[in-house]
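Per-entry structural report
Spelled out from the first residue to the last, the chains are:
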Amino acid sequence: MSQRWVWLRRSLILRLVGISLLLLLIVQAAGFAVVRASIDRNARAQIERALDLDERVWRRLLDQNAERLRQGSALLAADYGFRSAVNSGDEETIQSVLENHGSRIGAAVTALLDTGFALRSVSMADGMQALPAALSEVMQPLAADPSASKIAVIGGVAYQFVMVPLRAPVVVGWVLMGFPINQMLADEMRQLMSVHVVLRVGSEAYGVRLPVSTLPEPTLALLREQGVVGGALATPEGILLAREVRMPSVGMGADVRTLLLRSVDEVVAPYQQLQVLLAIITAAGVALFAVGTGLVAQRMTTPLRSLLTATQRLSRGEYDVPLAHTARTDEIGNLARSFDHMRVAIGAQQSEILRLAYWDRLTDLPNRERFREAVVQAIAARGAAVQPLAVLTLDLDRFKHVNDVLGYAYGDLLLQAVAARLRQQLPPGDDMVARLGGNEFAVLLHAADAAAAHEMARRIIRSFEEPLALEDQLVDLSAGIGFACWPGDAADADALLSRSEIAMYAAKRKLSGALQYDASFDLASTETLSLLSELRRAVEQDELRLYLQPKVSLQGTRTLGAEALVRWQHPQRGLVPPMQFIPFAEQTGFVRQLTLWIFEAVARLLAQPRAQGLGLKVSVNLSTRDLLDPELSNRLGAILARHGVAASAFCLEITESAIMDDPQRAEAMLNRLSEQGFKLSIDDFGTGYSSLAYLKRLPVDELKIDKSFVMGMTTAEDDAMIVRSTIDLAHNLGLTVVAEGVETADILALLRTLGCDEAQGYHIARPLPVDDFMAWHAGQKA
Ligand code: C2E
Ligand code: CA
Ligand code: CA
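Reference entry: report on the structure contained in this document. (Residues numbered from 1 in each chain as written. Chains lettered and ligands numbered in written order. Predicted model: local features only at pLDDT ≥ 70, side-chain atom pairs only at ≥ 80, totals over all residues. Heavy atoms only, no water.)

**Structural notes on a nonpolar patch on the surface**
The following threshold applies: Residues enter patches when they are more than 30% accessible in relative terms and free of salt bridges; like-charged ones are connected within 9 Å and nonpolar ones (Val, Leu, Ile, Met, Phe, Trp, Tyr) within 5 Å. The method behind every accessible area is Shrake-Rupley, applied with a 1.4 Å probe, and residues are considered shielded solely by the protein chains displayed. Every case where a carboxyl oxygen of Asp or Glu lies within 4 Å of a side-chain nitrogen of Lys or Arg is listed as a salt bridge. The numbering of helices and of strands both runs from the N terminus, where a helix is a DSSP run of H or I of at least 4 residues and a strand a run of E of at least 2. Relative accessibility under 20% of the residue-type maximum defines a buried residue, over 50% an exposed one, and the middle range a partly exposed one, all with a 1.4 Å probe and only protein chains included.
Taken together, the side chains of Ile19, Leu22, Leu23 and Ile26 present a nonpolar region at the surface, about 410 Å² in accessible area. Its place among the elements puts Leu23 in helix H1 (residues 3-78). Since its relative accessible area comes to 51%, Leu23 is described here as exposed.

Okay, structure coming up:
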């Protein structure tokens, strides 16, 4: 797996999980904050309400306290003994009653005032002796409204004072009692309302003090230090919301307030548990979510990874491994399936392309490309171990004419049959038959030297001896076969192939069965090429020579015939035979000038007086190119007119194949030539596929049986048969028969008995220069 993919996969999962978690956390945090804020707000409102109540209760508590004091004072004022003591002015009794009564009900100050509110007698609890002056400060406001209780600060301590009249029955004085606002009251309040109570007492002499408090000492110290800020006191244990209750008070610079404090945390505590629970749920949710999205991402990325490796396999050209995850029903499954379809389709296309590139559709044989590769591989596999191998190429003869006469479909059948025959000749193994193109085949022979290759070539030729029976037609097979061996004839595959082909063309030229490559073939072909380039010059420089080969009558008539054959008197190469330049002249079309040259040479000869007396009839060869030239008839006519010679002195030889290259145009031209007065002859008869029935339609006068049959007449029985039946058939159709290639007296005699009309061959005379021909003729007469 590539690094990039690891990164991609990781990042994909990370991104998926990360983004999901982030969103989840944001939502949770927002919810948390909202809940927290509203809990806080609710808590504060709740506390404010509680503090409202606390304040009312506290004031009520102080009122109750005052009422209790007033009742205690009233009790004292109603005391008979006390009243009579006041009346009698028994100061000692007054003092002791005040002390007893005061201490009994817990008053800090008990005093008797006269009707003018002046202090008559006072009893004070411990620690208060030094303060009678302060009392007068309290007395003035109390005197103004005796029914109310008053809070006063004396010696830095807050006291609650009440005053009750002393009647006997008229008011004879006032009883004044004061009680400290103390810890007990605060504790009672705390017990009652669970609120913290702190008394803040300010006075000129003592400053601000906090004498009473239900707070624990550290919190109290904190309060002392920083006071209440913004209605709250922040302590390490949490926030306390405070309510300050001002208490109207008298005394020098007196300022008494009660602080009621309630803890926010206490209210929030039950909700906090809820919040903790919420946090736990959130955390569990986040964890679950992380795992879940991780799994989902894994489920997504695992198939993606396998798809990636699959594409890598495809790019390497491996099409046979099916994709995973195709059974899934989700999008990934769809993707995998369409990927798999693509794989199969590409694989099929690939193999089809390979097939098209390397196989011949018609014969199902490897093609030239494939064959070449096989040769390259075979040579590479040999390496240093020199074990020979051979390449054999063969080219079917006259195949083009099969196509022309019997149709392309038939030609295809023929090629298939040939392919089958070739395959049969190979022993099973890794030897290979291929179709190089057209009618050319090749065989690769592993482990074959020249002798083995030659043997294989002979075997193929033998297998071709039996004619092919296709669709009720019998077709003779023949082929030129060439071969070349590695490493003797060529060093590499391409040279081996091309030299095998050169040998094949040489075999076809020489009409010999099979040939091994020879360096002289190459030389020959280069020679022909340069000869070709010199041909034009040859015509201009008058290097061509007219040769005549006699055609004699076998049936007693005294007509003298001859075939005009061209020769090239090359300044350096000497006399060049026509087979070395005619085929190439035909390829280039130059043969038309050549034909006109020889035709003109013959016409010139026939116009000479020495020829006129002989009644000479000369055959001139026409090629395909001539026949397809629409101007041929006109050109020949012009030459005849120029020399004043009759067309009837000429016979025009045309091969079957020349007609079959374009039968319609050929037929039209033959008709014109025949009308012009030319005699027409079918040359090389028997080598093509045209039937006599077809030839009958043409304006033909003569058949020339091919020399390959004639030369074998006396040795091969079937050759004699072919010659015999050809003569009979031709005669039935009203045609004259000429046999060429008469090399022996036996053949000549046999032809005479078979009723052949004319003969031509080395036995009678070789092609001769015009003067020699004349001399030969003169010798004949003698
Ligand atoms: P072709 O028309 O079949 O000519 C007959 C060939 O057979 C001549 O070869 C001749 O020398 C040869 N021949 C004659 N008697 C015998 C014999 O007893 N035994 C053997 N083995 N051969 C014999 P040549 O002159 O080499 O011509 C070869 C071919 O070249 C001719 O075959 C013809 O197709 C072509 N050719 C020659 N001259 C001309 C020409 O002027 N115009 C055209 N278009 N083609 C020509
Ligand atoms: Ca001829
Ligand atoms: Ca011939």
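**Here we look at the coordination of the calcium ion (ligand 2)**
Let me state the cut-off plainly: Only N, O and S atoms count as donors, using a 2.8 Å cut-off from the metal and 3.2 Å for Na, K and Ca, and because water is excluded some sites may appear unfinished.
Here the calcium ion (ligand 2) is held by the protein donor atoms Glu563 (OE), Asn621 (OD1), Glu653 (OE) and Asp683 (OD), which lie 2.0 to 2.5 Å from it. In the primary sequence, the donor residues of the calcium ion (ligand 2) line up as E-x57-N-x31-E-x29-D. Between the calcium ion (ligand 2) and the calcium ion (ligand 3), the interatomic distance is 3.9 Å, and Asp683 donates to each metal, bridging them. Taken as a pair, Glu653 in strand S23 (residues 650-655) and Asp683 in strand S24 (residues 679-685) lie far apart in primary sequence, 30 residues in all. Side by side, Glu653 and Asp683 carry an identical accessibility label, which is buried.

**Considering the site of ligand 1**
Spelled out, the test is: Each residue is tested against the molecule or strand, and it is near if at least one of its non-hydrogen atoms lies within 4 Å. Identification of polar contacts relies on pairs of N or O atoms within 3.5 Å, with a donor-acceptor requirement for protein atoms, meaning one able to donate a hydrogen and the other able to accept it, and with residues adjacent in sequence counted only if both atoms are side-chain atoms. Three residue categories are used. Nonpolar comprises Ala, Val, Leu, Ile, Met, Phe, Trp, Tyr, Cys and Pro, charged comprises Asp, Glu, Lys and Arg, and polar comprises the others, including Gly.
Taken together, 20 residues lie around ligand 1, and Gln549, Arg567, Asp683, Glu743 and Tyr762 are the ones closest in. Residue Gln549 places a side-chain N or O atom 3.0 Å away from a nitrogen atom belonging to ligand 1. Glu743 is positioned with one of its side-chain polar atoms (N or O) 2.5 Å from a nitrogen atom of ligand 1. Considered on its own, ligand 1 offers 790 Å² of accessible surface; in the complex 87% of this is hidden by protein. If you list the elements that add at least two residues to the shell around ligand 1, you get strand S20 (561-570), S24 and helix H23 (707-712). By residue number, the principal contributor to the shell around ligand 1 is S20, which donates four residues. Residue composition of the shell around ligand 1, grouped by class: nine nonpolar, four polar and seven charged.

**So, the coordination of the calcium ion (ligand 3)**
Six octahedral donors at a metal ideally form angles of 90 or 180 degrees, and four tetrahedral donors ideally form angles of 109.5 degrees. Those protein atoms acting as donors to the calcium ion (ligand 3) are Asp683 (OD), Asp684 (OD), Glu740 (OE) and Glu740 (OE), and they sit at 2.3 to 2.5 Å. The sequence pattern formed by the donor residues of the calcium ion (ligand 3) is D-D-x55-E.

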